[in-house]
Amino acid sequence: MKTELMSANYAAARSVISARVEVVAAYPITPATTVPEQIALLNEDGFYTGQFIRVESEHSAIFACIGASSTGARAFTATSSNGLLLMDEGLHWAAAARLPIVINNINRSVSPSWNIHVTHDDSYSKRDTGWIQFYVSSVDELYHTIIQSFKLAEDERVLMPVMINSDGFVLSHTLSSFDYLEPEEVDKFLPPYSPPHWIMDPANPVSHGNIVFPEYYQEFRYMMHEGTQNALKVYEEVEKDYKNLFGKYFGGPIDCYKCDDAEVVFTSQGSIAAEAKDAVDELRDEGYRVGNARVRMIRPFPVDKIRELGSHVKGFASFDRGVSYGFGGPVANDIRASMYHTKYRPMIKSYIGGLGGRDMTVTDIKEVIKDTYKAVESGDLGPEETWHDLME
Amino acid sequence: MPKTSYSKPMVGATGETGSWRTFDPVVDYDECNRCRTCWLHCPEAVISLDEDGTPHTDYDYCKGCGICAQVCPKQCIEMVRTDERKRRTGEV
Amino acid sequence: MVATREMPLKEYVLKGNAACAGCQDMVALRHAHKALEGDVIQVVPACCTSVVQSLWPKSGLAIPVLNTAFMAAAATASGVKAALKAKGNDTTMVMVWAGDGGTFDIGIQALSGALERRTDFLYICYNNQVYSNTGTQRSGATPLHAQTTTTWRGKTEPEKMIDLIVSAHEPVYQFTANTAYPRDLYDKFKKALEYPGPKFGHIFLPCPQAWNYPVEQGVEIGKLAVETGYWIQWERIGEEFILGRESKRFQDPEKRKPVDEFLKMQGRFSHLFKPKRDEKKINEFEDFIQHRWDVIMRAFT
């Protein structure tokens with residue numbers, strides 16, 4: 001292990017070396033572009049020895065990954081925003097074909113209006129594809145979560161693809177230190193991918209994906225659901241191994257900070273969640289009993305963890321950097337749904353903001369947390385949903 | 001059930017498709033010159049050949065398209081009703 | 001040309017599959033795989049070939065088949081090829097088997113990309129000139145005046161000359177074939193094995209359902225397409241153009257059979273003869289035949 005200073009995108013490019021990815025297929029889109037650029041350079045200079053396919057679209061990128069994974073290769077791609085949307089068909093395909101492909105989606109606003117900065121709408125809109133979804137807050141976390149994700153995706157109990165989301169520019173283009181692992185070190189953690197069920201092999205011909213009638217289709221879908229749900233349990237094991245081998249631990253599906261005695265917890269995804277730690281510290285200094293629950297995984301949704309938190313906090317200030325148009329904050333809604341069948345009734349206030357890369361500072365986050373704190377203290381919920389910093 | 005829908009190759013994947021047939025090809029072996037043209041053009045791969053090229057149709061699967069009869073240079077394949085075919089081949 | 005008795009008896013198309021009676025796609029598949037002899041991974045986008053395999057958990061094709069999305073065949077094949085390379089396998093043929101819709105229309109971008117990347121694979125377009133799998137809607141390969149379920153009174157444009165688009169990518173080997181000539185088709189697949197790099201085969205394939213002709217006449221119709229000059233059999237090895245021996249004599253318009261013979265066999269053109277012969281439209285069809293000859297010969301010779 002050695003410490004390097006790089007942007008998240010460059011670190012993601014390094015992860016394909018560490019994880020011995022066999023096939024990368026990618027297409028340029030800001031802000032993901034520097035991932036394939038770096039992989040190309042590493043490939044041309046002989047550091048990345050796998051195959052890099054310079055495809056002509058994101059749709060082709062995901063389907064090249066599907067072809068590679070179906071032939072037993074470990075496959076990776078990176079994209080953003082409209083690129084992820086163009087992949088949509090392939091996202092559903094990869095999940096149903098149970099192919100453990102890993103994507104680094106660098107969150108970017110969806111057009112129009114043209115905007116290359118972070119909004120989580122791109123990946124939020126892919127929640128129902130079957131992909132496991134992580135949101136990370138640092139360069140180091142991104143790099144290691146990519147490596148962990150191959151182990152998670154390739155586990156026979158899971159066999160579902162994984163999307164790791166990192167905020168455009170805030171992470172993708174910002175230099176930070178991370179601990180790089182040589183592939184020989186990662187070998188101890190991640191064995192070569194060996195497809196447990198089917199593979200394209202002339203010596204043992206099978207046909208994948210032909211017609212399934214209503215008699216069986218539903219059962220295949222149920223098994224996808226099981227696979228994604230199993231990811232919660234399997235990820236615990238993955239993290240444990242990783243911690244033992246490399247001393248790295250990022251906090252499970254929800255990374256809690258000062259939540260044990262908190263009256264109000266702030267939940268968020270991505271880089272804001274790192275910022276929120278400082279907000280919590282400052283508020284603690286000001287006498288507020290608040291905590292930071294950094295939601296790292298939104299699919300499968302960590303329902304049990306939310307229920308555990310909800311059993312002892314009085315309020316959630318749930319912040320979404322994206323919208324389900326017509327129904328508000330996606331994670332806020334999942335938190336509400338998770339609590340419904342429990343006896344606990346914490347206030348769950350939804351905040352939406354930071355869209356199009358609008359800055360969310362410590363001051364902004366403090367304002368959001370205090371708003372929920374006030375509601376909890378007064379017993380008056382106030383608005384269920386608030387768009388933070390919305391101009392009149 | 002497997003986790004995803006992969007299929008294994010087998011004869012009769014769609015059942016005994018011979019039931020789709022209305023007319024059966026019957027070869028007049030006295031006329032047949034073992035040229036294999038019927039075998040060449042059969043879309044269903046239901047014609048097997050003896051070493052000398054004598055063609056045999058698998059009636060369990062032949063869909064009765066009649067292409068073999070159409071392409072036969074000797075015009076020695078005739079499309080007939082099943083009972084007629086069985087009568088000619090001595091099955092009944 | 002290979003003699004029929006020299007062709008392998010082993011079948012990769014298994015009897016009792018879900019293809020329609022008389023399906024010419026199965027003729028093409030049979031002889032393609034006889035030539036390739038099993039060391040192949042076949043990528044199939046949405047098309048008739050995705051259906052003829054039959055229902056899960058059974059397959060009527062004794063080869064590895066990766067079914068993929070409509071517009072993604074060539075991209076998927078690129079991934080398969082890359083995976084084989086990553087694993088040190090440089091011998092297994094990666095072959096796309098796509099219909100005309102998946103090639104001319106929705107799949108053309110991925111095809112162009114894979115050719116431009118010089119992907120070592122064989123892309124086959126089996127062309128029955130219509131979206132037959134969805135109930136015979138017009139495609140970019142549907143001929144002028146052909147009736148389909150989205151051109152009820154006949155298509156108003158001739159087909160796209162896909163071969164010229166493909167040739168602009170300079171594949172190492174390119175051919176046209178026709179299921180009425182299976183031995184020629186077999187030879188062309190054998191030849192495809194010899195050239196590493198991007199290869200493209202375009203197979204003319206009559207469809208009894210979509211073209212509305214008597215099911216036993218698939219071979220006659222294929223031959224008439226050549227004998228009327230409508231379909232041209234040729235190969236191109238790099239820059240070298242070889243006019244197929246079946247087509248050679250029909251370069252001369254005088255030697256061609258009347259196009260009526262080809263058109264009259266097919267229900268999709270029946271409106272050209274009812275209530276009486278539509279001189280204008282049939283002339284337009286004939287003009288396109290000559291136009292295609294002119295363009296092909298001008299471009300390639």
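Computed from a predicted structure; not experimentally measured.

Caption draft 1: Focus on the interface of chain A and chain B. Taken together, the contacts link 18 residues of chain A with 9 residues of chain B. Counting every contact that joins chain A to chain B gives 6 residue pairs in polar contact (both at pLDDT 80 or more). For the side of chain A that touches chain B, the elements supplying multiple residues, two or more each, are strand E9 (207-208) and helix H9 (214-246) of chain A. Among the elements that take part in the side of chain A that touches chain B, H9(A) stands out by supplying 4 residues, more than any other. In terms of residue class, the side of chain A that touches chain B is made up of 10 nonpolar, 5 polar and 3 charged. As defined by bridge partners, E9(A) adjoins strand E1 (residues 6-9) of chain B across 2 bridges and the pair is classed as antiparallel. Note that in E1(B) the partner of A:His208 across the bridge is B:Tyr6.

Caption draft 2: How the structure looks around the layout of surface pockets. The volume enclosed by the largest pocket comes to roughly 500 Å³. Residue lining of the largest pocket: 27 residues in total, with A:Trp93, A:Gly209, A:Asn210, A:Arg221 and B:Ser5 positioned closest to the centre. Contributing elements (two or more residues each) for the lining of the largest pocket: helix H5 (88-96) and H9 of chain A together with helix H2 (48-52) of chain C. When residues in the lining of the largest pocket are grouped by element, the largest group, 4 residues, is from H9(A). Counted by class, the lining of the largest pocket contains 15 nonpolar, 10 polar and 2 charged residues.

Caption draft 3: Up close: the interface of chain C and chain B. Taken together, the contact pairs 42 residues of chain C with 35 residues of chain B. On inspection of chain C and its partner chain B, the count reaches 1 salt bridge. Linking chain C with chain B are 18 residue pairs in polar contact (both at pLDDT 80 or more). Those elements giving two or more residues to the side of chain C that touches chain B turn out to be helix H1 (24-36), strand E2 (58-59), helix H7 (182-192) and helix H9 (218-227) of chain C. Two strands pair when backbone bridges link them, and E1(B) and E2(C) are joined in this way by 2 bridges, in the parallel orientation. Among the inter-strand pairings, B:Lys8 is bridged to a residue of E2(C), identified as C:Lys58.

Caption draft 4: The sheet that holds strand E13 (residues 297-299) of chain A, seen in detail. Sheet architecture is open: 7 strands sit in the order E3-E2-E4-E5-E7-E6-E13 (chain A), paired in mixed fashion. Here the strands that pair on one side only, and so sit at the sheet edges, are strand E3 (51-54) and E13 of chain A. Strand-to-strand twist in this sheet, taken as the mean axis angle between neighbours without regard to direction, amounts to 20°. Bridging between strand E6 (residues 132-135) of chain A and strand E7 (residues 162-167) of chain A involves 4 bridges; their strand directions are parallel. Each bridged residue has a counterpart across the sheet, and for A:Gln133 the counterpart in E7(A) is A:Met163. Contacting strand E2 (23-26) and E3 of chain A, helix H3 (residues 73-86) of chain C crosses the sheet at an angle of about 160° to E3(A).

Caption draft 5: Spotlight on the confidence of the model for chain C. Per-residue pLDDT for chain C has a mean of 98; in total, 100% of the residues score no lower than 70. As a predicted assembly, this complex carries a pTM of 0.98 together with an ipTM value of 0.97.

Caption draft 6: The sheet that holds strand E5 (residues 121-127) of chain C, seen in detail. The mixed open sheet is built from 11 strands, whose spatial order is E2(C)-E1(B)-E9(A)-E3(C)-E1(C)-E4(C)-E5(C)-E7(C)-E6(C)-E8(C)-E9(C). If you trace the sheet from one side to the other, it starts and ends with E2 and strand E9 (240-243) of chain C, each paired once.

Caption draft 7: Representation of the nonpolar core. Counting 109 residues, the largest nonpolar core has A:Phe76 and A:Leu152 as its most contacted members. The next biggest cluster of nonpolar side chains, apart from the first, holds 52 residues, and it includes B:Cys38, C:Leu29, C:Leu61 and C:Tyr186.

Caption draft 8: Fine view of the side chain of A:Asn104. Residue and element names in this part refer to chain A. Looking at where Asn104 falls in the secondary structure, it is placed in strand E5 (residues 102-107). From its side chain, Asn104 meets the backbone oxygen of Ile164 in a polar contact 2.9 Å long. A polar contact of 3.2 Å, which involves the side chain of Asn104, links it to the side chain of Ser166. When sequence neighbours within four positions are dropped, the list of residues in contact with Asn104 reads Ala12, Val35, Phe76, Thr77, Ala78, Thr79, Leu142, Ile146, Ile164 and Ser166.

Caption draft 9: Local environment of the pattern of salt bridges. Summed over the entire model, instances satisfying the criterion amount to 54 salt bridges over all chains. The salt bridge partner of A:Arg157 is A:Asp155, with a shortest N-O separation of 2.9 Å. Judged by relative accessible area, which is 18%, A:Asp155 ranks as buried. A salt bridge links C:Glu11 to C:Arg30; its shortest N-O distance comes to 2.8 Å. Here C:Glu11, found in the segment before H1, pairs with C:Arg30, found in helix H1; they are 19 residues apart in sequence, far enough to count as distant. One continuous salt-bridge network, built from bridges that share partners, spans A:Glu141, A:Glu239, A:Asp255, A:Arg294 and A:Arg296.

Caption draft 10: Inspection of the packing of helix H1 (residues 8-18) of chain A against helix H2 (residues 34-44) of chain A at higher detail. Residue and element names in this part refer to chain A. One way to put it is that H1 packs onto H2 with a least axis distance of 8 Å and a crossing angle of 45°. Looking at the two axes, H1 sits oblique to H2. As for the relative orientation of H1 and H2, their crossing is right-handed in sense. Across the interface between the two elements, Asn9, Tyr10, Ala12, Ala13, Arg14, Val16 and Ile17 of H1 pack against Thr34, Val35, Gln38, Ile39 and Leu42 of H2. In terms of residue class, the contact of H1 with H2 is made up of 8 nonpolar, 3 polar and 1 charged.

Caption draft 11: The packing of aromatic side chains, seen in detail. This model, assessed by the stated rule, comprises 30 aromatic pairs over all chains. Consider the rings of A:Tyr124 and A:Tyr135, whose centres lie 6.1 Å apart with planes at 55°: the pair is tilted. Of this pair, A:Tyr124 sits in helix H6 (residues 121-124) while A:Tyr135 sits in strand E6, and the two are 11 residues apart along the sequence. Taking relative accessible area as the criterion, A:Tyr124 reaches 3% and is therefore assigned buried. Residue classification places A:Tyr135 among the buried positions, given a relative accessible area of 0%. Centre to centre, the rings of C:Phe204 and C:Trp211 are 5.4 Å apart; their planes meet at 55°, and the pair counts as tilted. An aromatic cluster of three or more residues is present, and its members are C:Phe204, C:Trp211, C:Tyr213, C:Tyr230, C:Trp231, C:Phe262, C:Phe269 and C:Phe285. Across from the ring centre of A:Tyr249, 5.4 Å away, lies the NZ or CZ of A:Lys243, which sits over that ring. Note that C:Arg268 overlies the ring of C:Trp211, its terminal NZ or CZ placed 3.9 Å from the centroid.

Caption draft 12: Region of interest: unusual backbone geometry. Geometrically, the link from A:Thr30 to A:Pro31 is a cis peptide bond, its omega value of 0° lying close to zero. For A:Pro31, the position within the fold is in the loop between E2 and H2. Omega for the peptide link from C:Lys274 to C:Pro275 comes to 0°, which places this bond in the cis form. In this fold, C:Pro275 is placed in the loop between helix H10 (259-264) and helix H11 (279-300). Located in the positive-phi region is A:Arg20, a residue other than glycine, with phi close to 50°.

So, how was this worked out
- Residues numbered from 1 in each chain as written.
- Chains lettered and ligands numbered in written order.
- Predicted model: local features only at pLDDT ≥ 70, side-chain atom pairs only at ≥ 80, totals over all residues.
- Heavy atoms only, no water.
- Contact = heavy atoms within 4.5 Å.
- Polar contact = N/O pair within 3.5 Å; in protein donor to acceptor, adjacent residues only side chain to side chain.
- Helix = DSSP H or I, 4+ residues; strand = E, 2+ residues; numbered from the N terminus.
- Nonpolar A, V, L, I, M, F, W, Y, C, P; charged D, E, K, R; others polar.
- Pairing = 2+ DSSP bridges.
- 1 Å grid on protein atoms, 1.4 Å probe; cavity = no way out; pocket = protein on both sides within 12 Å on 5 of 7 lines; lining within 4 Å.
- Points joined across faces, edges and corners; volume = space filled by probe spheres on them.
- Salt bridge = Lys/Arg side-chain N within 4 Å of Asp/Glu carboxyl O.
- Axes fitted to C-alpha atoms, helices over the stretch in contact; angles between N-to-C directions.
- pLDDT = per-residue confidence, 0-100.
- Core = buried A, V, L, I, M, F, W, Y, C linked by side-chain atoms within 4.5 Å.
- Buried < 20%, exposed > 50% of the residue type's maximum accessible area, 1.4 Å probe, protein only.
- Parallel < 35°, antiparallel > 145°, perpendicular 65-115°, else oblique.
- Left-handed = near helix turned anticlockwise from the far one by under 90°.
- Phe/Tyr/Trp six-rings, centres within 6.5 Å; stacked < 30°, edge-to-face > 60°.
- Lys NZ or Arg CZ within 6 Å of the ring centre and 35° of its normal.

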